[in-house]
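# Observations on chain architecture
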Amino acid sequence: FCKKNKILQIHRTFEKNMTAFFSRHWKCLWSIALGIICTGTVMHPIYDGDPLIHIVMGKAVFNSLSRVVQEPLASIDFPAYCIAPAWLFEVIQYGIYKWGSFPALHIFLVCLVFLVSFTIVQFVSQGDEEGKSRFPIMIVSALLMALVISRLRLRPESFAMVLLPLFVGTSRLFFKNIDIKP
């Protein structure tokens, strides 16, 4: 009888601890679940030429140490020099390609998927209160992720899907902690 009570007590303690863990960390766990679900949609061979153009432009920007570079893929009808507007993404993509070729680019894309899922969950759940149902937040974030994942490729826009909300969230935190006096 004593052994049975001890097992029940261990089970109740475990259940209480797991409930507390999930209630504290549900956003992170839901972001990871969304990232795992959506990773399958981006794990295919690179089929468009856009990443290759960005790799070549990243190499040109890296070698010239300037955003104004000689266009490496231009035909004779275009000017010899161009401005690389997405230079940061191109240099990062070139560095990742140089470091680990196409498998490393796929890992970079998977990291972007997880960052986008984390960002979406954080922004959708900003008004979350304790005791309220989390089901609507999970549905809305899953639907948003379904829309976003269709556009997530190795392009600068994918990088912006992570950086822009990150900057907006950081600025909100910054202004929340500042006491502005008129």
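Structural notes, computed from the coordinates. (Residues numbered from 1 in each chain as written. Predicted model: local features only at pLDDT ≥ 70, side-chain atom pairs only at ≥ 80, totals over all residues. Heavy atoms only, no water.)

### Remarks on the packing of aromatic side chains
Applying the stated criterion to the full structure yields three aromatic pairs. Look at Phe-89 and Phe-108: their rings are 6.3 Å apart centre to centre, the planes differ by 40°, and that puts the pair in the tilted class. Residue Phe-89 shares its accessibility class with Phe-108, and that shared class is buried. On the numbers, 5.2 Å between centres and 65° between planes, the contact of Tyr-97 with Phe-102 is edge-to-face. Under the relative-accessibility criterion, Phe-102 is labelled partly exposed at 29%. (Phe/Tyr/Trp six-rings, centres within 6.5 Å; stacked < 30°, edge-to-face > 60°. Buried < 20%, exposed > 50% of the residue type's maximum accessible area, 1.4 Å probe, protein only.)

### A look at the nonpolar core
Residues Phe-108, Val-113, Val-116, Met-145 and Ile-149 are the most contacted members of the largest nonpolar core, which totals 26 residues. Counting residues per element, this core draws most heavily on helix 3 (residues 87–124), which supplies 12 residues. Once you skip the residues sitting within four places of it in the chain, Ile-149 turns out to touch Cys-38, Thr-41, Val-42 and Val-113. (Core = buried A, V, L, I, M, F, W, Y, C linked by side-chain atoms within 4.5 Å. Helix = DSSP H or I, 4+ residues; strand = E, 2+ residues; numbered from the N terminus. Contact = heavy atoms within 4.5 Å.)

### A word on a nonpolar patch on the surface
Judged by side-chain polarity, Leu-29, Ile-32 and Ile-36 come together as a nonpolar surface patch covering roughly 250 Å² of accessible area. In this fold, Ile-36 is placed in helix 1 (residues 2–42). Using a relative accessible area of 55% as the deciding quantity, one classes Ile-36 as exposed. (Patch = residues over 30% accessible without salt bridge, like charges linked within 9 Å, V, L, I, M, F, W, Y side chains within 5 Å. Areas by Shrake-Rupley, 256 points an atom, 1.4 Å probe, with all protein chains shown as cover. Salt bridge = Lys/Arg side-chain N within 4 Å of Asp/Glu carboxyl O.)

### What to know about the packing of helix 2 (residues 50–64) against helix 3
Helix 3 packs onto helix 2 with a crossing angle of 115° between their chain directions and a minimal axis gap of 7 Å. Comparing the axis directions of helix 2 and helix 3 gives the class roughly perpendicular. For helix 2 against helix 3, the interelement crossing comes out left-handed. Along its contact with helix 2, which presents Pro-51, Leu-52, His-54, Ile-55, Met-57, Gly-58, Lys-59, Val-61 and Phe-62, the element helix 3 presents Trp-87, Phe-89, Glu-90, Val-91, Gln-93, Tyr-94, Tyr-97, Phe-102 and Leu-105. Looking at the contact of helix 2 with helix 3 residue by residue, the class counts come to 13 nonpolar, three polar and two charged. (Axes fitted to C-alpha atoms, helices over the stretch in contact; angles between N-to-C directions. Parallel < 35°, antiparallel > 145°, perpendicular 65-115°, else oblique. Left-handed = near helix turned anticlockwise from the far one by under 90°. Nonpolar A, V, L, I, M, F, W, Y, C, P; charged D, E, K, R; others polar.)

### Notes on unusual backbone geometry
The phi dihedral of Leu-65 falls on the positive side, at around 55°, and the residue is not glycine. Relative to the helices and strands, Leu-65 is located in the loop between helix 2 and strand 1 (68–70). Using a relative accessible area of 77% as the deciding quantity, one classes Leu-65 as exposed. A positive phi angle, near 60°, is found at Ser-101, a position not held by glycine. Structurally, Ser-101 is set in helix 3. In this structure Ser-101 comes out as partly exposed when scored by relative accessible area, which is 30%.

### A look at the environment of Ile-120
Among the structural elements, Ile-120 can be located in helix 3. Judged by relative accessible area, which is 12%, Ile-120 ranks as buried. Distance from Ile-120 to Pro-165, taken between C-alpha atoms, is 8.6 Å for residues 45 residues apart in sequence.

### What to know about helix 2
Look at helix 2: 21 Å from first C-alpha to last across 15 residues, which is about the 21 Å you get at 1.5 Å a residue. Along helix 2, the residues that are buried comprise Pro-51, His-54, Ile-55, Met-57, Gly-58, Ala-60 and Val-61. Where helix 2 is buried, its residues touch strand 1, strand 2 (81–83), helix 3 and helix 5 (156–176). Count one or two residues on from helix 2 and you reach Leu-65, which has phi positive near 55°. (Expected span 1.5 Å × (residues − 1).)

### Looking at the side chain of His-106
When you line up the elements, His-106 lands in helix 3. Setting aside chain neighbours within four positions, we find His-106 in contact with Val-42, Met-43, His-44, Pro-45 and Ile-46.

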